[in-house]
Amino acid sequence: MSVTEQALPATGAMTEVIRVRVPPRSWRSELRAMKIVWRRELIRFRNDRIRIVTALVQPLLFLFVLGSGLQQLSSASTDGVDLKTFIYPGILCIAVMFTAMFSAASIVWDREFGFMREMLVAPIRRSSIVIGKCLGGATVASFQGVILLCLAWAVHVPYSVTLVLGILAIQLLLAFSITAFGVMVAVRIKQMTAFMGVMQMVVMPMFFISGALFPVANLPGWLAFLNRIDPLTYAVDPMRRLVFSHLDLSAAARRTLDPGVTWWGWHVPALLEAAVVLALGLAMLGIAIWEFNASE
Amino acid sequence: MTESTLAIEVNDLRKSFDEVEAVRGVSFEVAAGEVFGFLGPNGAGKTTTINMLCTLAKPTAGSARVAGHDVVRERDDVRRHIGLVFQDPTLDGYLTAEQNLRLHAELYGVDPALVPGRMRQVLEMVGLSERREATVMTFSGGMRRRLEIARGFLHSPRVLFLDEPTIGLDPQTRSSIWRYIALLQEREEITIFMTTHYMDEAEFCDRIAIMDQGQIVALDTPEALKAQVGADRVRIQTEDDDAAIAALAGRFDLEATISEGAVTFFVSSGEEFVPRLFAELGVAIRSVSVSRPTLDDVFMSHTGTTIRDAEESGNKHANRVMMQMMTGGRR
């Protein structure tokens, strides 16, 4: 059927024109806008099955290939704990991280493919768009985290309600902060390739330094320093404490594998670590909104 | 015109990008219910003007009111009352037609109870009801443009801005877009502000403003503009164009230019002039054509060049403005 040759509806035969009106801006309309920006991320994630699978590849490689491969070398020093079990909390974090970055990248896509303008001319605050995006990215990334949560049995971590809820909470928090970081970068960068480059440059070092793959005690000075200023450290550490608190380990194993982050010898409480991640996330969200408002 | 019947009021509006002045003081008024066209070559400042009226760019100087609200001080009120169809597509290709419309309704805060009915209506009007559940990625260029137009008036705006609504479409699709626009104006009692650089399309407008190098050079109904030219266009091909131009100036006191490869000038009663031309020009003529004034001629009589020449001449001003827009304000 030719698209252009469709019959026009007869004017007289049609029903009364439905007139709608756009109300003045209010906090309710802002909430609606945030919600639809959030929902759009979910709809797009659901339709994009390839992305769901590809985002899993890297974490699974680390967990099963690196974890199983290095097991032979490490078994002497892990006091009988499977290396996969040890790195599992770190993998829970990076799975979320990769997906959250990708969600933030959609801001660059939106600009490249023009959809951004549709949002920019709507009678809403730009902050609503940014907040909606960050929450959307956080939600989507947490879904990805849930898939990995399903693998806990494969690395000898027993399920419990507190474990699942705790992991979900940390993942959501981390995903939010990482998306905020990604959005902050994405607002400044206009090309997708450049954005991906920056992300590679930031994400991989953050991941390696965070302690996702090694215990954070007794590190050489320079690495200990980098580790303590790496924001991801403060998501991986509470995650590991949470997972390890559900394991039946010898005291020696716990000391070696889950030493906890210290600041000048002081053990940083898990809640404070979570607060650090949240504070950084909110700060970056603030910067993202400010930058977004400043761009014409 | 009283204030309540004015859809758009523009007063000495200007916009500079760094040292380049893209819009150099334009003033005009558009009455409610009018179809108003902005005609001019690429880089004339049409898109920049539209961006200022839509609150996407801040004017450097001057003022504008759209739907009764100031575009700088009452930005949100302006946005509530306008619809926009951009030159470049702004649909989400991963969503369905319906999802795109739904998203728009949510962004604009349309009463949820009215949304389904209104969505059905706009989809029906642009003939996309049957494709409402298809992803936009699968749509042809013409279908996408129609969906964008449907989305543009989904929230019942008082003024609908269409920036080059038919650019890049084949002639058949272009004419169907025009039928939808006409239907829209009739049924929705909407004011339409559009830009185009297709001369034939400008004829559909109630009034047109001709823009060149950031300024409005003429503004009237298409008929009046053509009547103003008051002369026929004569194009001749000669053995020696320079000599012909000199002869036309010397013997007939006519100012001729070379456009699109032919010596072109305007003269009243062109057909009667041709015999004199052959007798007295003194330069061998290879061919002659005489035509009634078109909007192209209107443009030419005001700017001394055709719209196509203006675009092809690699106009430094226009190019620099376009570069500025691409790197800075436009997106």
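All figures in this text were calculated on a predicted structure; none of them were measured in a lab.

**Digging into the overall build of chain A**
Part 1 of the reasoning: Counting its secondary structure elements, chain A contains eleven helices and two strands.
Part 2 of the reasoning: Overall, the C-alpha framework of chain A stretches about 85 × 40 × 35 Å when taken along its three principal axes.
Part 3 of the reasoning: In chain A, buried positions account for 41% of the 296 residues.
Part 4 of the reasoning: Counting only contacts in chain A whose residues sit at least 6 apart along the sequence, the fraction spanning at least 24 positions is 85%.

**Observations regarding the sheet that holds strand β7 (residues 159-163) of chain B**
Residues and elements named next belong to chain B.
Part 1 of the reasoning: With mixed pairing, the six strands of this open sheet are ordered in space as β6-β7-β8-β3-β9-β10. For this open sheet the edge positions go to β6 (82-85) and β10 (215-220), each flanked by a neighbour on one side alone. The mean inter-strand angle of the sheet, taken between neighbouring strand axes irrespective of direction, is 15°.
Part 2 of the reasoning: Packed on one face of the sheet, helix α1 (residues 46-53) meets β3 (35-39), β7, β8 (191-196) and β9 (207-212) and runs near 150° to β7.

**Section: the packing of helix α3 (residues 83-112) of chain A against helix α9 (residues 233-245) of chain A**
Residues and elements named next belong to chain A.
Part 1 of the reasoning: Contact pair α3 / α9: the axes reach a minimum separation of 8 Å and the direction vectors enclose 135°. Overall, the two elements α3 and α9 adopt an arrangement that is oblique. Where α3 crosses over α9, the handedness of that crossing is right-handed. Contacts between α3 and α9 pair Y88, P89, G90, L92 and C93 from the former with A235, V236, M239, R240 and V243 from the latter.

**Let's talk about the interface of chain A and chain B**
Part 1 of the reasoning: Each partner contributes residues to the interface: chain A has 33 residues there, and chain B has 45 residues.
Part 2 of the reasoning: Of all the secondary-structure elements, those providing two or more residues to the side of chain A that touches chain B are α1 (27-47) and α4 (115-120) of chain A.
Part 3 of the reasoning: A breakdown of the residues in the side of chain A that touches chain B according to their chemical character gives 17 nonpolar, six polar and ten charged.

**Concerning unusual backbone geometry**
Residue and element names in this part refer to chain B.
Part 1 of the reasoning: Here the phi dihedral of S156 falls at roughly 50°; this positive angle occurs in a residue that is not glycine.
Part 2 of the reasoning: By the element assignment, S156 lies in the loop between α5 (141-152) and β7.
Part 3 of the reasoning: For Q213, which is not a glycine, the phi torsion comes out positive at approximately 50°.
Part 4 of the reasoning: Checked against the element boundaries, Q213 lands in the loop between β9 and β10.

**Remarks on the nonpolar core**
Part 1 of the reasoning: Counting 155 residues, the largest nonpolar core has C93(A), M97(A), L174(A), V183(A), A288(A), A150(B) and F161(B) as the members making the most contacts within it.
Part 2 of the reasoning: If you tally residues by element for this core, the top one is α3(A), at 19 residues.
Part 3 of the reasoning: Counting contributing residues per domain, this core is built from domain 1 (3-221) and domain 2 (226-316) of chain B, each supplying no fewer than three.
Part 4 of the reasoning: Apart from the residues lying within four places of it in its own chain, the contact partners of A150(B) are L101(B), V122(B), L123(B), M125(B), V126(B) and L128(B).
Part 5 of the reasoning: Counting residues in each nonpolar core, the second largest holds eight residues, with A244(B), I245(B), V263(B) and F265(B) among its members.

**Some points on the domain arrangement of chain B**
Residues and elements named next belong to chain B.
Part 1 of the reasoning: Annotation of chain B at the domain level lists domain 1 (3-221) and domain 2 (226-316).
Part 2 of the reasoning: Between the C-alpha centres of domain 1 and domain 2 the distance comes to 36 Å.
Part 3 of the reasoning: Taken residue by residue, the interface counts twelve residues in domain 1 and eleven residues in domain 2.
Part 4 of the reasoning: Those elements that provide at least two residues to the side of domain 1 that touches domain 2 are α7 (199-202), β9 and β10.
Part 5 of the reasoning: A class-by-class count of the residues in the side of domain 1 that touches domain 2 yields seven nonpolar, three polar and two charged.

**Some points on the environment of G137(A)**
All names here are of chain A.
Part 1 of the reasoning: Structurally, the position occupied by G137 is in helix α5 (residues 126-149).
Part 2 of the reasoning: Taking the C-alpha atoms as reference points, G137 and F115, separated by 22 residues in sequence, lie 17 Å from one another.
Part 3 of the reasoning: In contact with G137, other than residues within four places in its own chain, are E41, A100, S103, A104, A175 and T179.

Reading guide: rules and limits
- Residues numbered from 1 in each chain as written.
- Chains lettered and ligands numbered in written order.
- Predicted model: local features only at pLDDT ≥ 70, side-chain atom pairs only at ≥ 80, totals over all residues.
- Helix = DSSP H or I, 4+ residues; strand = E, 2+ residues; numbered from the N terminus.
- Buried ≥ 20, exposed ≤ 12 C-beta atoms within 10 Å, placed from the backbone.
- Contact = placed C-beta atoms within 7 Å.
- Pairing = 2+ DSSP bridges.
- Axes fitted to C-alpha atoms, helices over the stretch in contact; angles between N-to-C directions.
- Parallel < 35°, antiparallel > 145°, perpendicular 65-115°, else oblique.
- Left-handed = near helix turned anticlockwise from the far one by under 90°.
- Nonpolar A, V, L, I, M, F, W, Y, C, P; charged D, E, K, R; others polar.
- Core = buried A, V, L, I, M, F, W, Y, C linked by C-beta atoms within 7 Å.
- Domains from an automatic or database assignment.

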